[in-house]
Structure formats: structure tokens, C-alpha cells
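Fold and geometry: a report
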Amino acid sequence: MKSFEDSLLLDFYGNLLTDKMRITLDMYLNDDLSLAEIAEEEEISRQGVHDKVKRGLSQLKGYEQKLGLVRRFLEQKESVNEAIALIDNKNYEDARKVLAKLSDEIEE
């Protein structure tokens, strides 16, 4: 099952994969090609593509477990959206607090 988080994992950690693995995952996650289409492109079996995708996603998830960059990015994005909503509601003091907390977290 393809997900937005899987695409983010590829964006953040894709360069840690082999070129072939990264290209296969890019075709699967970002170009939305089917396993059969990728198999034809790479001249391997559909099962081979399936195994490669499964192995690649497992590696990406392992990197995320160790480094947590995607989780941190999503948390920061949520804080920014919260601050924007507060600014839109002219609640500048609370927006300032959210942004100050975000700034402190980034410096850690």
C-alpha cells in the first residue's frame, strides 16, 4: 500500500539506497507505476519488483526508526500550520509562543 509517508521516507533517505533500489521505489511511489510496468521497464519479473519494493521500504523504515527525520519534519510542519492559523486569527502572542518553541526544538 503506497502512502504519503513512504514518499517522504524516499525523499529523506533515498540517497542512502542503491541507485537501482531508489529508482525502482521512485517509479513505484512517485510515478505511480504498477509492479508490472516497473518489471517491464527493468526487465525483471513482477515478483522481483515486489521483493525489491518491499526490501527498499523496509530499509527506509529502518532509517526512520534510527534517525526520525520524517517524524520531526511532520511535527515541525504541524507547528508551522498551527502558528499560521493563530496569525490568521490575529492571535499573535500564541503564534509567537508556538514559533519560539519550534525555534528552540530546531536548535536542539
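A few points on the structure. As the structure is a prediction and not an experimental result, all values here were calculated from the model.

A closer look at the pattern of salt bridges
Applying the stated criterion across every chain yields a total of five salt bridges. Between Arg22 and Asp19 there is a salt bridge, with its nearest N and O atoms 2.9 Å apart. Taken together, the residues span about one helical turn, with Arg22 and Asp19 both in helix H2 (residues 19-29) at a distance of three residues. Classification of Asp19 as exposed rests on a relative accessible area of 52%. The partner of Asp94 in a salt bridge is Lys97, and the shortest N-O contact between them spans 4.0 Å. One end of the pair, Asp94, and the other, Lys97, are both in helix H6 (residues 92-107), three residues apart, so they sit about a helical turn from each other.

Each value, and the rule that gives it
Residues numbered from 1 in each chain as written. Predicted model: local features only at pLDDT ≥ 70, side-chain atom pairs only at ≥ 80, totals over all residues. Heavy atoms only, no water. Salt bridge = Lys/Arg side-chain N within 4 Å of Asp/Glu carboxyl O. Helix = DSSP H or I, 4+ residues; strand = E, 2+ residues; numbered from the N terminus. Buried < 20%, exposed > 50% of the residue type's maximum accessible area, 1.4 Å probe, protein only.

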